[in-house]
Structures are given as structure tokens and as C-alpha cells.
Amino acid sequence: MTHKEPVTPSSIPLHPDVPLAPVLSLDSFRQITQSPMPCVLDVPHVRLVTSGRIALGLALRELGVGEGDVVLLPAYHSLSMVPPVLWLKAEPRFYRVDAGANADMEDLTTQCDARVRVLVTTHYFGFPQNLTVLRAFCDQRGIALVEDCAHAFFGAYQGKPLGSYGDYAIASSMKFFPMYEGGVLISARRSLDAIVLVSGGKGFEAKVVLATLERSFSYGRLMGLKAPLVLPLRIKDWLWQRIKVGQATSAPLAPGSSDSDASFDTAWLDKSTSLFARFLLARLSKTRITGLRRRNYQCLQQTLRGLPGCRPLFATLPDSVCPWLFPLLVDDADAVFARVRAMGVPVVRFAETLWPAMDIERCVNSRHLSRHVLAFPCHQELNEQELNWMCAQLLKAIRP
Ligand SMILES: *Cc1c(COP(=O)(O)O)cnc(C)c1O
């Protein structure tokens, strides 16, 4: 089963001048040894799959979610969070968030009836929700808590890793590592032994490596490898063409999630992440990733401080947070968005399209956030030149 959402105008792929997501370079392998920030892989039970949404589907299935059940999802959400609920024939029910994107506990109380089995909470942009309150809320009602750590691969809440408060948690490796695919299902409370994963196959393993390298080349990284790889890349293109022609009969080599749409393809439910992704998860310095992301975030925060018509979604960057992106609330978001895009600056409008069947008027805060938050990359693979260029462009775009 594949669920596809229409492509919205601003999600039409564009090749910005600096990379939106991490790209692999020799620098990626630099080791920095300091005491690391907690990460989802520190939780006792871990399964590495191909995307965060597949991990969410598995978590809900492990919880026994089925027909007639309700799963509480935030009204401010990624479209990819809904299809896993529908796949299990359960009903998504959307709860309000406040102006700072925190779960509205009053609305949760109103909406939680006997059909509700699971509450999903999202740590937007890496900033944790109030997990003590959410955990107590779920325990009192006998429902399960799933932490969506898609934006929070790293980080802690009151000294414990994000992802360790939920019955299950999911994460998206692609958002934090220079990877083409990768998702994580974890649990601090339940064994994941019943989940058996198999290899995605040789074609998948090859596609992952080549797609990762191709992205690096397109941003001028790893150029020493480019010449020797011209032939393999040509062969890959030729193969892709043939596969597209015969699409009806042959399965895709990689999940649609890797090409950033909202599809949920059940063929990937039992597939393990690639060997290349495992290698990178094991080898890349986590201290480097968290340190540089925090530094770049603070640089953006400094640069944009006090500019008219905008303010950071989060007033401060707590020590225990590793940001996904730098989210900026912009009054005239459409105009600024158009300007930064035209300048070649990478920008994300998280939750720009909300689930069409949801009544958006029920949560004015979600509507506001989805329209006014522009998020800019702060990832570890931005070099100093790229970061400085981006800061300069943003100043021009916001104060034209
Ligand atoms: C990206 C995202 C997901 C899904 O992660 P994929 O790895 O893309 O499947 C889930 N929840 C949120 C909030 C996300 O932003």
C-alpha cells in the first residue's frame, strides 16, 4: 500500500546553494571526543529501519492498535505521521498545541475517551515536550505514549534521554546524519525481539551508497571520489531508467520516504536499514554532530536577534537540546520565504500542509505555526563559508 500526498508548490524540489540536510564529506569523519549528549541509540532496545514513519507503523502495531482504536496526534504534524495510523485501520484524532507548540493538556483531557489507545508527542525541532506531564497523563488513563523524536535524535529531558519516556519512540536518522535512508524504533520498556528485519537487498544497498555520494558531489564534497565513480553512477542512472520503465512489475529500490514525500510503503516494514547507514551511525562522531549543530544554531540566533517582524520559535537553546533546524516565526512569512528561496537559501516550512481531513480551525496555533515558521539548516555539514553566506542572505531577505 502506498499513500501519496499531492506535491505542494513550495515542496517542489529545488537545489539550494548550500545543503538543506547533512551531506557526507571527509570532515564528517572527524572525531571529537568529549562527553556526548544522550541519543536515541542509548535506549536499551533498538531496531534500525529505513524511515521514521516505518518505525511509527511498527510501534503502533506492537501496541496492538487496530480497527476502532483512536491514536492522538498533534494538530501540528508532519503528513508522514498519519498513514501509519490509517494502515492499522485506526482513527487519527488531532489535539491542540499552544503558541509554543507544546501539547495542550486541557484539550488532551477533553479528547481522551475510551477508544484512545495511544498518544503521540513530537519534540519539535529538537525541543522536548513536557514528558513528566505527558507520561503521567498516559499512565492515569492506561494508554501508551509514543515519542516522535524525528527532530530529536539527540537530547535529554530531566537527565534522561529523549525517547526513554515513551513506551516506544521513533527517530529519523536522515534528518541528523548524512544518509539517504534510515529510521529508528526504540523502547526503554519493551523488548523489540519480536520484530524481525531482513535486508533490503543488493540493489537497495548499492542505491544508498551511490545516492549519498551523488548528493555529496552536488555540493562539492568528496570530489576526489567523483572521477573513479563516474562509470558506476552512469550504470546506476541507466538502471534507474530501466526500473522506471518497468515500474509496474519491479519494486522500488529505496523507500519513497527518502525522496521526501508522505508515502508509507508497507514493503519497507520488515526491512533493515542499509549497511552503509549502520557504518555511518557507528563511525561518525556524535559529539561533533551535536556540538556543531548547537554552534550553528546559536550563530543564526545571534545574527537574527532583534530583527523586525520575526523572532525565534524558542527563546533559548537549553544545554540538553540538539536542534534539527533553526525555526523562526516570521510575520510576513510568505514574502520572506519567496525571497530566501530566490536567493538559493535552503528553507523548510515544517507542517506547511496539514492532514486535509483535519479541522484546522480547531487549532489556531497549529495553523499559525504551519504558516509562519520558516526553518533554516544548522546541521553539522555546513562549513563556515556556507553558514556566513546564509546569515548574510537572511539579513537581506528579512530587512530588504
Ligand atoms: C520527518 C518526520 C517524520 C517521519 O520521518 P521519516 O524518516 O521521514 O519517515 C515523523 N514525524 C515528524 C515530526 C517528522 O518531521
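What comes next is a walk through the structure. (Residues numbered from 1 in each chain as written. Predicted model: local features only at pLDDT ≥ 70, side-chain atom pairs only at ≥ 80, totals over all residues. Heavy atoms only, no water.)

1. Thoughts on helix α7 (residues 275-283)
At 3.6 residues per turn, the α-helix brings residues three or four places apart onto the same side.
Line of reasoning, step 1. The set of residues buried in α7 consists of F276, A277, L280 and L281. Each buried residue of α7 sits inside an arc of 135 degrees when the element is viewed along its axis, so together they form one side. Projecting away from the buried face of α7 at angles above 90 degrees are the exposed residues L275 and A282.
Line of reasoning, step 2. Next to the buried residues of α7 lie β1 (45-49), α5 (202-218) and α8 (286-304). (Buried < 20%, exposed > 50% of the residue type's maximum accessible area, 1.4 Å probe, protein only. Helix = DSSP H or I, 4+ residues; strand = E, 2+ residues; numbered from the N terminus. Arc of directions from axis to C-beta. Contact = heavy atoms within 4.5 Å.)

2. A look at the site of the ligand
Line of reasoning, step 1. Taken together, 14 residues are adjacent to the ligand, and R53, D148, H151, S172 and K175 come closest.
Line of reasoning, step 2. R53 places a side-chain nitrogen or oxygen 2.6 Å from an oxygen atom of the ligand.
Line of reasoning, step 3. Take D148: an N or O atom from its side chain is 2.7 Å from a nitrogen atom of the ligand.
Line of reasoning, step 4. Considering the ligand on its own, with 380 Å² of exposed area, one finds that the protein chains cover 94% of that surface.
Line of reasoning, step 5. Counted by class, the shell around the ligand contains four nonpolar, seven polar and three charged residues. (Near = heavy atom within 4 Å. Polar contact = N/O pair within 3.5 Å; in protein donor to acceptor, adjacent residues only side chain to side chain. Areas by Shrake-Rupley, 256 points an atom, 1.4 Å probe, with all protein chains shown as cover. Nonpolar A, V, L, I, M, F, W, Y, C, P; charged D, E, K, R; others polar.)

3. Observations regarding the side chain of S28
Line of reasoning, step 1. Tracing the chain through its elements places S28 in the segment before β1.
Line of reasoning, step 2. A polar side-chain atom of S28 sits 2.8 Å from the main-chain amide nitrogen of S25.
Line of reasoning, step 3. What S28 contacts, discounting residues up to four positions off in sequence, is V23, P178, L284, S285, R288 and E381.

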